[in-house]
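# Structural features, examined
Here are the chains, one letter per residue:
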Amino acid sequence: MATKRSVGTLKEADLKGKKVFVRVDLNVPLDDNLNITDDTRVRAAVPTIKYLMGHGAKVILSSHLGRPKGVTPKYSLKPLVPRLSALLGIEVKMANDCIGEEVQIMVAEIPEGGVLLLENVRFYKEEEKNDPEFAKKLASLADLYVNDAFGTAHRAHASTEGVAKYLKPSVAGFLMQKELDYLVGAVSNPKKPFAAIVGGSKVSSKIGVIESLLEKVDMLLLGGGMIFTFYKAQGYSVGSSLVEEDKLDLATSLLEKAKSKGVALMLPTDVVVADKFAADANSKIVPASGIPDGWMGLDIGPDSIKIFGEALDSTKTIIWNGPMGVFEFDKFAVGTETTAKKLAELSSEKGVTTIIGGGDSVAAVEKVGLADKMSHISTGGGASLELLEGKSLPGVLALDDA
Ligand SMILES: Nc1ncnc2c1ncn2[C@@H]1O[C@H](COP(=O)(O)OP(=O)(O)O)[C@@H](O)[C@H]1O
Ligand SMILES: O=C(OP(=O)(O)O)[C@H](O)COP(=O)(O)O
């Protein structure tokens, strides 16, 4: 596996009185009232933060939330403050920005063992561009860098990659280390048959992963918003479902590649369609080839659930990223919840290794109370898939060697 896992660790760093820039992934699902609907990523960030607090560091937390274009109040990290404060047992302070004079003043006021949360780093377009000047500004706040944002380690952004060039030491946090230790081991030499289940809505960033997955897996099950690009590429009408028009050729070539490699690429045979994107939409089950105009596919159908379940019975390792449907709406949660139950059953009764990755996928598994039945709950969906592909994660590469 190409990704290095021997990175410098927190335990080697001198922390007392030091200002530590900690990149965490607090990209949690929020409801319309900005309540956190799943706090897995917040809980996962706690051990590193508590360790830093306990060693007298001044902790500066940085994260993104969502994919804002400029400053967008609904993507503020403010809703995270009460949850973080409760989990850490201290009053976490929050800055209204992530760089600038006011932030510097607040950083200077952090007591030893104190925690300051910076505002969403993606409010600056320079973050995703990995702009060196922006990275320098972030770095100027601190004495050393800790990257614990495994879920964002596949992004070469200023706060995940660029900043490491200007802060030494730059080390991995405990979550990052734990994820690498588990995932690099589990996916470099998986027990076979090995299946991947890929769904969700980040189609353009995940469809490319499928090509490399075809080199690794014996079976690839597709669901969620991923499927309609494949249907359309096969000439089906998809109504108003989520489609990436510029990926149709890629979808066609992936179907061909799967066939030539002998990988079972399975698309749902039926879908649950809705007349609008809403919890109270009218819905019906239709064959994959029969999505009516004006309707959108929001879940996989019962035949598909049955066929997928039977296919998974023969596997020994399963990695799942991306919900099978819009599980946030009860009416369209059946595909995702049944898949979660199937994996839990295979894991606990047949010893199948089950790895669930991604903010929303983990939220879905938590929602049905099955997280502790899985072999590994990963805070990264895209990141775990890229590891599985054998890619190096920029957020890990940028850290000091062990
Ligand atoms: N058919 C679909 N159409 C639109 N969105 C979908 C569909 N199926 C699933 N989704 C959405 O995908 C989102 C999660 O996608 P993604 O971010 O890729 O997963 P993860 O966070 O687990 O990596 C969920 O909010 C879910 O509602
Ligand atoms: O939620 C995330 O990724 P995931 O949905 O693949 O698990 C990470 O926070 C990265 O977010 P991004 O895909 O907007 O860069």
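A quick note: this is a predicted structure, and the numbers were derived from the prediction, not measured. (Residues numbered from 1 in each chain as written. Chains lettered and ligands numbered in written order. Predicted model: local features only at pLDDT ≥ 70, side-chain atom pairs only at ≥ 80, totals over all residues. Heavy atoms only, no water.)

## What about the overall build of the protein chain?
Looking only at helices and strands, the protein chain features 14 helices and 15 strands. In terms of overall dimensions, the protein chain has a C-alpha envelope of 60 × 45 × 40 Å along the principal axes. Residues counted as buried form 59% of the 402 residues belonging to the protein chain. A total accessible area of about 15800 Å² is found for the protein chain, and carbon and sulfur atoms account for 50% of it. Considering the protein chain, the positive charge centre built from 47 side chains and the negative charge centre built from 52 side chains are found 3 Å apart. (Helix = DSSP H or I, 4+ residues; strand = E, 2+ residues; numbered from the N terminus. Buried < 20%, exposed > 50% of the residue type's maximum accessible area, 1.4 Å probe, protein only. Areas by Shrake-Rupley, 256 points an atom, 1.4 Å probe, with all protein chains shown as cover. Lys, Arg positive; Asp, Glu negative; His and termini not counted. Charge placed at Lys NZ, Arg CZ, Asp CG, Glu CD.)

## Comments concerning the nonpolar core
In this structure, Leu118, Leu138, Ile210, Leu220, Leu222, Phe230 and Tyr231 are the most contacted members of the largest nonpolar core, which totals 74 residues. The residues touching Ile210, leaving out its near neighbours within four places in the chain, are Leu220, Leu222, Met226, Phe230 and Leu254. If you look at the next biggest cluster of nonpolar residues, it comprises 31 residues, including Leu15, Val46, Leu77 and Leu117. (Core = buried A, V, L, I, M, F, W, Y, C linked by side-chain atoms within 4.5 Å. Contact = heavy atoms within 4.5 Å.)

## With respect to the side chain of Thr339
Following the sequence through the fold, Thr339 ends up in helix α11 (residues 334-350). With residues up to four places along the chain from it excluded, the contact list for Thr339 reads Ile197, Trp320 and Met324.

## A short note on the confidence of the model for the protein chain
For the protein chain, per-residue confidence averages 95 on the pLDDT scale, and residues scoring 70 or more make up 98% of the total. With pTM at 0.91, the complex prediction returns an ipTM value of 0.95. (pLDDT = per-residue confidence, 0-100.)

## Looking at the site of ligand 1
Within the structure, ligand 1 sits among 20 residues, and Lys206, Asn321, Glu328, Asp360 and Ser361 are positioned closest to it. Taking Gly225, its main chain carries an N or O atom lying 3.4 Å from a nitrogen atom of ligand 1. Gly297 is positioned such that a nitrogen or oxygen atom in its backbone is 3.0 Å from a nitrogen atom of ligand 1. Within the complex, 90% of the 580 Å² of free accessible area of ligand 1 lies under protein. Secondary structure elements with two or more residues in the shell around ligand 1: β12 (296-300) and α12 (359-367). At three residues, the largest contribution of residues to the shell around ligand 1 is made by α12. Each residue belonging to the shell around ligand 1 can be placed in one class, and the counts come to four nonpolar, twelve polar and four charged. (Near = heavy atom within 4 Å. Polar contact = N/O pair within 3.5 Å; in protein donor to acceptor, adjacent residues only side chain to side chain. Nonpolar A, V, L, I, M, F, W, Y, C, P; charged D, E, K, R; others polar.)

## Focus: the site of ligand 2
Near ligand 2 lie 16 residues; those nearest to it are Arg67, Arg122, Arg155, Lys202 and Gly382. Take Asn27: an N or O atom from its side chain is 2.9 Å from an oxygen atom of ligand 2. A distance of 3.4 Å separates an oxygen atom of ligand 2 from a polar backbone atom of Gly359. For ligand 2, the accessible surface in isolation is 390 Å², of which the surrounding protein chains cover 95%. Broken down by class, the residue content of the shell around ligand 2 amounts to no nonpolar, nine polar and seven charged.

## Focus: the packing of helix α7 (residues 203-216) against helix α9 (residues 248-261)
The interhelical angle for the contact between α7 and α9, taken along N-to-C directions, is 10°, at an axis separation of 10 Å. Taken together, α7 and α9 sit at an angle that is classed as roughly parallel. Counting all contacts with α7, which are made through Ile207, Gly208, Ile210, Glu211, Leu214 and Glu215, the residues of α9 involved are Leu250, Ala251, Leu254, Lys257, Ala258 and Lys261. For the contact of α7 with α9, the class distribution of residues is seven nonpolar, one polar and four charged. (Axes fitted to C-alpha atoms, helices over the stretch in contact; angles between N-to-C directions. Parallel < 35°, antiparallel > 145°, perpendicular 65-115°, else oblique.)

## Examining helix α13 (residues 382-389)
Within α13, eight of the eight residues are buried, leaving the element largely enclosed by the surrounding structure. For α13, every residue scored as buried is listed here: Gly382, Ala383, Ser384, Leu385, Glu386, Leu387, Leu388 and Glu389. Of the surrounding elements, those touching the buried residues of α13 are α6 (174-188), β7 (194-198), α7, β13 (317-321), β14 (353-357) and β15 (376-378). Of the residues one or two after α13, Gly390 is the one with positive phi, at around 95°.

## Digging into helix α2 (residues 80-88)
For α2, the set of buried residues is Leu80, Val81, Leu84, Ser85 and Leu88. Taken around the axis of α2, the buried residues stretch over an arc of 125°, which confines them to a single face. Facing away from the buried side of α2 by more than 90 degrees, the exposed set consists of Pro82 and Ala86. Following α2 by one or two positions, Gly89 adopts a phi angle in the positive range, close to 70°. (Arc of directions from axis to C-beta.)

## With respect to the pattern of salt bridges
This model, assessed by the stated rule, comprises 25 salt bridges. Residue Lys136 pairs with Glu133 through a salt bridge whose shortest N-O separation is 3.4 Å. Of this pair, Lys136 and Glu133 both sit in helix α5 (residues 132-139), three residues apart, which is roughly one turn of the helix. Here Lys342 makes a salt bridge to Glu345, at a shortest N to O gap of 3.7 Å. Placement of both Lys342 and Glu345 in helix α11 is noted, with a separation of three residues, approximately one turn of the helix. Classification of Lys342 as buried rests on a relative accessible area of 16%. Linked through salt bridges whose partners overlap, the residues forming this network are Asp39, Arg43, Arg83 and Glu366. (Salt bridge = Lys/Arg side-chain N within 4 Å of Asp/Glu carboxyl O.)

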